[in-house]
Amino acid sequence: PLANITYAIIGAINASITGLPAGVTGSWAADEVTILGTPSVSGTFTYTVTTIGGCGTATATGTITVIPANTIALSSAPGTDGQTVCINNAITNVTFSTTGATGATISGLPTGVAGSWAGDLVTILGTPSISGTFTYTVSTTGGCGTATATGTITVTPENTIALSSAPGTDGQTVCIDSPVTNISYATTGATGATVTGLPAGVTGSWASDVVTILGTPSVSGTFTYTVTLTGGCGAVSTTGTITVNPLPVPTIIGNDPVCETTTGHVYTTEASMSNYVWTVTGGTITLGSGTNEITVTWNTVGPQTVTVTYTNASGCTGTEVKPVTVEPLPVTSPIWHN
C-alpha cells in the first residue's frame, strides 16, 4: 500500500481524481481529497485532482511510481535445479534470472559449490567435496519484496569395495580339481561388478552388494583376478590371486614282467614326496609300506598292479598305477627210460 495522500480544498463542492494506478482510489469529503490503496500494476502514474463547483477550477497533480516486485526464475536447463552428481565431480551450472533485485543470497550449498549474483543473474557452480542431499535457497535482496527459489543437489559418494571373506582368501593356493575357499567382497554404491582373470572352473558374480568368487579350478598356474565395480560413482577395483598347483604324477620303477616267486621284488618312486600309500594285487608287500620303496612277493600269476598314492610339498595328491605281469615258474618233469 502507498502512504495516504490528502489535499485540502476551499470553496469547491466536490473534486475528481484521474490517472491513478489500478488498486488506488481517490475520494472527496469535508473539503478534503484522500488518495489511498495498494497498486496492482507497476509504472509511473501522473494523477490530477480537479475541483468541482464554487468559483473557478483548481487543479493539482502528483506522481505515484510503482516498482514491480522482485522475481526469480530458473534460466539454466530444466532439471538443473534438482541434479545428482558424484562426489568430486563438477555440477552442471545452475542459473536463475532475477528482476528488481540488487543482489541475492544463496544458502544450503554443499562444500565446494558456491553461488553468486551479478547482472540480474544468480549462478551456482563448483565441485562438491562431501556427499549427501543438499536443499539450497536463493533469495533476492534489494528492490521490492523478497523472491525465493529452492533446489536440490544430491551428491553420491564414491563406490567402495572391501574383502568380506576371511583374511587371506584373496590370495589362496589350491590344488587343481579342488574347490577354492569362497571369496567375497562387500560393495557400496555400485549396481554391478565384473570379475576377470579367474582360472577355468572358477566364476565371480555380484548380487545384493556382494561379489562372490567360487568354483573348482581345472587348470594350474597363478591367476591374478580383478574385480571392477560398475554403476554408481567412480571406477573402483581390487585384485587378488589364486594359485592352482598341479597334481603330482608319480613314477613307479620296478620289474616287469616278474616271476612267481617268494623272492621279493623292489618298487620305488620319488623320495621327495610324503604320505605314501601302496597297494598291490596278486601279491603281498613284505617291506617298506608307507615309504617310497617297497618289496613285493608275487604269489598269483597273470596281470597284476602296483599302485602308489602320495602327496607333494604343495599338499597335492597324485596316484600312479603300474601294470605288472607275473609269469608262472617253469615246471620240469623227469623222463623215465626203460
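Residues numbered from 1 in each chain as written. Predicted model: local features only at pLDDT ≥ 70, side-chain atom pairs only at ≥ 80, totals over all residues. Heavy atoms only, no water.

Quick word on the overall build of the protein
The condition is simple: The way it works is that DSSP assigns letters per residue, a run of H or I at least four long becomes a helix, a run of E at least two long becomes a strand, and they are numbered from the N terminus. Between the two quantities, the radius of gyration covers C-alpha atoms and the globule rule is 2.2 Å times the number of residues to the power 0.38. Contacts: residue pairs with any heavy atoms within 4.5 Å of one another. A 1.4 Å probe and the Shrake-Rupley method give the accessible areas. Residues count as covered only by the protein chains that appear here.
Regarding its fold elements, the protein presents zero helices and 30 strands. Computed over C-alpha atoms, the radius of gyration of the protein comes to 50 Å, more than 25% over the 20 Å expected from 2.2 N^0.38 for 338 residues, which places it beyond the range of a compact globule. Summarising its shape, the C-alpha atoms of the protein cover approximately 195 × 30 × 25 Å along the three principal directions. In the protein, 55% of the contacts between residues at least 6 apart in sequence involve partners at least 24 apart. Carbon and sulfur atoms make up 56% of the accessible area of the protein, which totals about 17400 Å².

Overview of the environment of alanine 69
This is how the line gets drawn: When accessible area is computed with a 1.4 Å probe and restricted to protein chains, residues below 20% of their type maximum are described as buried, those above 50% as exposed, and intermediate ones as partly exposed.
Here alanine 69 is to be found in the loop between strand E6 (59–66) and strand E7 (71–74). Residue class for alanine 69 comes out exposed when judged on its relative accessible area of 51%. Linking alanine 69 and proline 157, residues 88 residues apart in sequence, is a C-alpha distance of 41 Å. Residues within four places of alanine 69 in sequence aside, it is in contact with Thr99 and Cys144.

Overview of unusual backbone geometry
Of note, the bond from aspartate 256 into proline 257 is cis; its omega dihedral lies within 30 degrees of zero at 0°. Within the secondary structure layout, proline 257 lies in the loop between strand E23 (253–254) and strand E24 (258–259). One non-glycine residue, alanine 30, lies in the positive phi region at around 50°. Take alanine 30: it is sitting in the loop between strand E3 (24–29) and strand E4 (32–37). Its identity is not glycine, yet asparagine 275 carries a phi of approximately 55°, on the positive side. Residue position: asparagine 275 is located in strand E26 (residues 274–280). By relative accessible area, asparagine 275 is classed as exposed at 55%.

Regarding the sheet that holds strand E25 (residues 265–268)
Rules: In this description, strands pair whenever DSSP reports at least two bridges between them.
Pairing is antiparallel in the open sheet, where four strands are placed in the order E23-E25-E28-E27. Strands with a single pairing partner mark the edges of an open sheet, and in this sheet they are E23 and strand E27 (283–287). Across two bridges, E23 lies against E25 in antiparallel orientation. Counterpart to isoleucine 253 in the pairing with E25 is threonine 268.

Thoughts on the state of the cysteines
The condition is simple: In what follows, a disulfide is any cysteine sulfur pair within 2.5 Å.
Tallying each qualifying case throughout the model produces two disulfides. Covalently, cysteine 86 is tied to cysteine 233 through a disulfide, its sulfur atoms 2.0 Å apart. Note on the cysteine 86 and cysteine 233 pair: the S-S dihedral is about -80°, so by sign convention the disulfide is left-handed. Here cysteine 233 lies in the loop between strand E21 (221–230) and strand E22 (237–245) and cysteine 86 lies in strand E8 (residues 82–86), a separation of 147 residues in the sequence. Taking relative accessible area as the criterion, cysteine 233 reaches 3% and is therefore assigned buried. One disulfide bridge connects cysteine 175 with cysteine 316, the sulfur atoms lying 2.0 Å from each other. Looking down the S-S bond of the cysteine 175 and cysteine 316 bridge, the torsion is -100°, so its handedness is left-handed.

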